[in-house]
Amino acid sequence: MDEHNAETPKQEQEQPKQEQSEKYDLFNTAELAELYSKYQPPLDERVIEIVLSSTKGRDCLVDIGCGSGSSTRPFCSHFSKVIGVDYSPAQIDLAKSLSQEISNAEFLQGSLYELPVADSSVDCIIGVMIAQFIDLPQLFEEAKRVLKPGGVLLFHGKGSPKVVQIERETETESETDTTISQLNERISYIKTGLFAGLFHDRTHFNPQKYSNIPPLHEDQDIKREEWTSSRWTTLPVLADYMLTWSAAGKYCAKHGLSSGELKEKMIEVMKGGDNGMCSVRCEADRFTWSACHVTGG
């Protein structure tokens, strides 16, 4: 999920909770569930460390917008019970299929604003790349209901990849070789040109690294952490990752393309006629926002 802060319009706030979940269900196809499961990077170990250092109890963690469970399963060895909730039946079906051998994981289809757990029963609620898709005031009210006193609500976000190094098939330099700046411009074009108007831009949370998410309770201090991840990859694998963006599915539907056809199109855009790039090193911002539930706050 990739996407920008206007307040939720009044008419939108007044919609039934289930309707709001349905309206922003952007990943409810078996194909998108499979793509997201295969090509989204695994949950960063640092996120796990932040959750474990922030939470006191280990009874129950709830992953909201869990998708296929890639951000849920890593916590199963740390909490007695781990529950993934997503509005998309396709995502939940895949999550269950991939988690059959994990006895303490449960995946439930439903609204994030009506979590299927008892009052004051949850040690941690985590949401990975979900803050920009949801109605925060509604979620905050539900978090206050289900979190134990001192329980933690944590959001984790990811910035877009930025190329910092290119490895070529030969060391011979040419005037037609793609520069790092050119490749980043092409990647930016895919997001802002090719996919223009297709991202789910309801907030500015992601571009501001969650620094503008309000506190769970009024006048409460929140905790934020930032770091940078780095990995070597190839243009085809980078294109696979872009297929998991919500805008990619919309683009395919709009233009009648398959995901494979869109992948080839994105690869050609990134190459720009230069077939000599064999791998690239990308960096991307990572960030978390977290707040404790204070009883009576």
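Residues numbered from 1 in each chain as written. Predicted model: local features only at pLDDT ≥ 70, side-chain atom pairs only at ≥ 80, totals over all residues. Heavy atoms only, no water.

1. Looking at helix H10 (residues 259-271)
- Between the first and last C-alpha of H10 there are 18 Å, a value that for 13 residues agrees with the 18 Å anticipated at 1.5 Å per step.
- Within H10, burial applies to Ser-259, Leu-262, Lys-263, Met-266, Ile-267 and Met-270. Angular distribution of buried residues about the axis of H10 spans 140 degrees; they occupy a single face of the element.
- The elements touched by buried residues of H10 are helix H3 (30-39), helix H7 (180-194), helix H8 (235-242), helix H9 (246-255) and strand S8 (277-292).
- Phi turns positive, to about 60 degrees, at Gly-272, one or two residues after H10. (Helix = DSSP H or I, 4+ residues; strand = E, 2+ residues; numbered from the N terminus. Expected span 1.5 Å × (residues − 1). Buried < 20%, exposed > 50% of the residue type's maximum accessible area, 1.4 Å probe, protein only. Arc of directions from axis to C-beta. Contact = heavy atoms within 4.5 Å.)

2. Details of the pattern of salt bridges
- What the rule picks out here adds up to 15 salt bridges.
- Arg-46 is the partner of Glu-225 in a salt bridge, and the nearest nitrogen-oxygen pair spans 3.4 Å. You can see Glu-225 sitting in strand S7 (residues 223-233) and its partner Arg-46 sitting in helix H4 (residues 45-54), a full 179 residues away along the chain.
- Accessibility expressed as a relative area gives 33% for Arg-46, which makes it partly exposed.
- Across the pair Lys-148 and Asp-59 runs a salt bridge, and its minimum N-O distance is 2.7 Å. Taken together, the residues span a long stretch of sequence, with Lys-148 in strand S5 (residues 147-158) and Asp-59 in the loop between H4 and strand S1 (60-64) at a distance of 89 residues. (Salt bridge = Lys/Arg side-chain N within 4 Å of Asp/Glu carboxyl O.)

3. Looking at the confidence of the model for the protein chain
- Per-residue confidence for the protein chain gives a mean pLDDT of 87; residues scoring 70 or more make up 88%.
- Model confidence for the protein chain, summarised as mean pLDDT per element, is weakest for helix H1 (residues 10-13) at 35 and strongest for S1 at 98. (pLDDT = per-residue confidence, 0-100.)

4. Considerations on the packing of aromatic side chains
- Applying the stated criterion across every chain yields a total of 10 aromatic pairs.
- With 6.4 Å between their ring centres and 80 degrees between their planes, Phe-195 and Trp-245 make a pair best called edge-to-face. Residue Phe-195 is found in the loop between H7 and S7, and its partner Trp-245 is found in the loop between H8 and H9; the two are separated by 50 residues along the sequence. The same class applies to Phe-195 and to Trp-245, which are both buried.
- In textbook terms, an aromatic cluster arises when at least three aromatic residues are bridged by ring pairs, as seen for Phe-140, Phe-155, Tyr-210, Phe-287 and Trp-289.
- Above the face of the Phe-79 ring, Arg-58 is positioned so that its terminal group lies 5.7 Å from the ring centre.
- Over the ring of Trp-245 we find Lys-191, and its NZ or CZ is 5.5 Å from the ring centre. (Phe/Tyr/Trp six-rings, centres within 6.5 Å; stacked < 30°, edge-to-face > 60°. Lys NZ or Arg CZ within 6 Å of the ring centre and 35° of its normal.)

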